Amino acid sequence: MRTITVLAGLLMLSALALAGTPLQEEQGCPAHRAAQAGHTAFDAFHHAMAPAWHVAWPEKDFEALFAAGPEFKEHMKGVMALKPEFKTTARKKEFAKARIEFAQLVNEYAAACESKDKDKVYELMPKVHDAFEHTASCLLPVHFPEFNGIVITANLILESHLPADNTEGIVGSTETLAAKCESLSEESIPEELGSVKEDVWTDLQAIKATVASMKECCDKKDMDEYKVHTKKLEDQLNAFLETYI
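These numbers come from a predicted model, not from an experiment.

Q: Can you help me understand the overall build of the protein in this one?
A: The secondary structure content of the protein amounts to 11 helices and 0 strands. Listed by position from the N terminus, the elements making up the protein come as α-α-α-α-α-α-α-α-α-α-α. Buried positions account for 44% of the 245 residues belonging to the protein. Partitioning the intrachain contacts of the protein with sequence separation of at least 6 by distance along the chain shows that 71% fall at a separation of at least 24. When the accessible surface of the protein is summed, it comes to about 12900 Å², and 53% of that surface belongs to carbon and sulfur atoms.

Here it is, written out as structure tokens:
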């Protein structure tokens, strides 16, 4: 089921991002996650970025920092060649703007490397790194924790409680689901979805209505009708993920 796959991925990435070792931090960074999602140009750039940022810059190894300039410029070609698809116009514009700024910094950095300008290279390196990660982050799923929480509980019902005919679990998780729906409001909609906020809110209200119907079925102990509503909820969640996240 798509909801299970997507949320498992989101939870794994969150865990990586919160981990403490350098390797885990690197694996949780936006560029690594963008590469895992199929944008391999970021993986190629990352091979040049990682030693320059994590080793050469803190150690002030200017020969290595100078050598990174031509590599950055070469790998930037792959990033510029990307033609990703976006679910909203706003996200498409955000990525385009970030990529242009990233390319400008790479060109500036490469020029400083060519002239062996140590001060300029040392100053620009953090800016290039931040632009690299920011551009990659524009390709990642929208961060919407309130919605993700609903999907997690819905998956528990669909994948565990219903197959096991666990009535107590169904009732308890449905109450949790209803409580989580209370956190959904127009204000909770992520800024990235601002251009389609009205449509998003309409779909969220429909999801909230389905969850309310599920709770009514639990109160009436009508599990046959409950299953009809859970299937509807599954379809609604999948559609929301496909359309917006």
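Q: Teacher, can you tell me more about the packing of aromatic side chains here?
A: Both the distance between ring centres and the angle between the ring planes are used here to describe each pair of aromatic rings. Within this structure, the stated rule accounts for 15 aromatic pairs. The interplanar angle of 40 degrees and the centroid separation of 6.2 Å between the aromatic rings of F62 and F66 together place this pair among those described as tilted. On the criterion of helical spacing, the pair formed by F62 and F66 is a turn pair, its members being 4 residues apart in helix α5 (residues 62-81). An identical accessibility class is assigned to F62 and F66; each is buried. Ring plane angle 35 degrees and centroid distance 6.0 Å describe the contact between F144 and F147, whose orientation is recorded as tilted. The same class applies to F144 as to F147, namely buried. Aromatic ring contacts, followed pair by pair, group F42, F45, F72, F102, Y109 and F132 into a single cluster. Over the ring of Y122 we find K60; its NZ or CZ atom is 5.2 Å from the centre of that ring.

Thresholds, definitions, all that
- Residues numbered from 1 in each chain as written.
- Predicted model: local features only at pLDDT ≥ 70, side-chain atom pairs only at ≥ 80, totals over all residues.
- Heavy atoms only, no water.
- Helix = DSSP H or I, 4+ residues; strand = E, 2+ residues; numbered from the N terminus.
- Buried < 20%, exposed > 50% of the residue type's maximum accessible area, 1.4 Å probe, protein only.
- Contact = heavy atoms within 4.5 Å.
- Areas by Shrake-Rupley, 256 points an atom, 1.4 Å probe, with all protein chains shown as cover.
- Phe/Tyr/Trp six-rings, centres within 6.5 Å; stacked < 30°, edge-to-face > 60°.
- Lys NZ or Arg CZ within 6 Å of the ring centre and 35° of its normal.

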